[in-house]
Amino acid sequence: AAPGAGSGTLTATVAATVAAGTYAVNVTATGGGVTKTELVAINVLPAPSFSLALGAPSLTIALGGTGTVTATTIGNVSFNSPVSLKVTGLPKGATASTGAINAPGSGSSILGITIGSAVVLGKYTLAVTATGGGVSKTVTLTLQLPGISLSVGAASIKLKQGGSTSLRVSSAASGGFGSQVAFSVQGLPADVSAIFSPATLPSPGNGNTTLKLTASSTATLGAVSLTVTATATGLTKTVAVAMTVTK
């Protein structure tokens, strides 16, 4: 209003599609036949967001063990909120701790993953998710549970005095496991001998061996429980086999 001295407020509305950056804007005042222009810089900030990264892309944990991974978030100049972290996609029998990063949302948190003794061996793809300030970010974490499984061709066998019988024994490595595997059997009755062919499997431990059991003519009659054992680096697996020696 006249006489033309005073202050006014200009409001700039920025569309969501405008890229972050500094923009030069001309502000023009006109009155009484006079025009004045002033250059004003408008700094457009990015939408609030953050990045999420893990200290390692994969984690290897033994059955019954615990491992940790560090999750780090970095908020941009507009972000100012606490961030919560969680792990999903775990196999049955595994658990994971949650994490939190205080506002403004930049920092690190250590997440722990515990593997039960009965979890199925193998390779799993987990999701680590960070959520805060209406923003959610997810990265993948590869979980490897290395080990071997041991199986036999039959749960029970019969062996005649003076005769022999064979049993297939199989070993399967998983979860990135790699080791030579050696076989043995315990619980043999008197005058019964055992030979594995081959006695060992090369790394990574996948394959079959044949257990040949031979009884003398004086072998003790009756039923016994044998324990077939596979031994690898830092790992032992067993399976029971019922054997009956007959005439």
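Residues numbered from 1 in each chain as written. Predicted model: local features only at pLDDT ≥ 70, side-chain atom pairs only at ≥ 80, totals over all residues. Heavy atoms only, no water.

What follows deals with the overall build of the protein. Within the protein, the regular secondary structure consists of zero helices and 20 strands. Its C-alpha radius of gyration of 35 Å places the protein more than 25% over the 18 Å reference for a compact globule of 247 residues. For the protein, the C-alpha atoms occupy an extent of roughly 125 × 25 × 20 Å along the three principal directions. Residues classed as buried in the protein amount to 31% of the 247 residues present. In the form shown here, the protein has an accessible surface area of approximately 13,600 Å², with 54% of it arising from carbon and sulfur atoms. (Helix = DSSP H or I, 4+ residues; strand = E, 2+ residues; numbered from the N terminus. Rg over C-alpha atoms; globule rule 2.2 N^0.38 Å. Buried < 20%, exposed > 50% of the residue type's maximum accessible area, 1.4 Å probe, protein only. Areas by Shrake-Rupley, 256 points an atom, 1.4 Å probe, with all protein chains shown as cover.)

Quick look at the packing of aromatic side chains now. Scanning the model with the defined rule gives two aromatic pairs in all. Relative to Phe 79, the ring of Phe 50 has its centre 5.2 Å away and its plane inclined at 65 degrees; by these criteria the two rings are edge-to-face. A residue pair is termed long-range when its members are at least 10 positions apart, and Phe 50 in strand β3 (residues 50–54) and Phe 79 in the loop between β5 (66–75) and β6 (83–88) qualify at 29 residues. Overall, the relative accessible area of 5% leaves Phe 79 in the buried class. Judged by centre distance (5.8 Å) and plane angle (25 degrees), the ring pair of Phe 183 and Phe 196 falls under stacked. Taken as a pair, Phe 183 in strand β15 (residues 181–186) and Phe 196 in strand β16 (residues 192–197) lie far apart in primary sequence, 13 residues in all. A relative accessible area of 11% places Phe 196 in the buried class. (Phe/Tyr/Trp six-rings, centres within 6.5 Å; stacked < 30°, edge-to-face > 60°.)

Right, let's talk about the nonpolar core for a bit. Nonpolar side chains tend toward joint burial in soluble globular proteins. One finds Phe 183, Leu 211, Val 228 and Met 243 to be the most contacted residues of the largest nonpolar core, which totals 26 residues. When sequence neighbours within four positions are dropped, the list of residues in contact with Val 228 reads Leu 150, Val 169, Ser 184, Val 185, Phe 196, Leu 211, Lys 237, Thr 238, Val 239 and Val 241. One finds Val 69, Leu 111, Tyr 124 and Val 128 within the second-largest nonpolar core, a separate group that totals 25 residues. (Core = buried A, V, L, I, M, F, W, Y, C linked by side-chain atoms within 4.5 Å. Contact = heavy atoms within 4.5 Å.)

So, about the sheet that holds strand β17 (residues 200–201). In space, the five strands of this open sheet follow the order β13-β20-β19-β15-β17, with mixed pairing throughout. Looking at the sheet topology across the chains shown, the edges are occupied by β13 (156–160) and β17. Relative to strand β19 (residues 222–232), β15 runs antiparallel, the two sharing five bridges. Bridge pairing in β19 links Phe 183 to Ala 230. (Pairing = 2+ DSSP bridges.)

What follows covers a nonpolar patch on the surface. A contiguous nonpolar surface patch, about 340 Å² in accessible area, is contributed by Val 14, Val 18, Tyr 23, Val 25 and Val 40. Residue placement: Val 40 occurs in strand β2 (residues 34–44). By relative accessible area, which is 33% here, Val 40 ends up partly exposed. (Patch = residues over 30% accessible without salt bridge, like charges linked within 9 Å, V, L, I, M, F, W, Y side chains within 5 Å. Salt bridge = Lys/Arg side-chain N within 4 Å of Asp/Glu carboxyl O.)

Okay, the sheet that holds β6 next. The sheet built from five strands is open, its strands ordered β4-β11-β10-β6-β8 with mixed pairing. Each edge of the open sheet carries a strand with a single partner, namely β4 (58–60) and β8 (99–101). Strand-to-strand, the axes of this sheet are offset by a mean angle of 25 degrees, without reference to chain direction. Across eleven bridges, the pairing between strand β10 (residues 122–132) and strand β11 (residues 135–145) is antiparallel. Each bridged residue has a counterpart across the sheet, and for Gly 132 the counterpart in β11 is Val 135. (Axes fitted to C-alpha atoms, helices over the stretch in contact; angles between N-to-C directions.)

In short, geometric facts, not functional conclusions.
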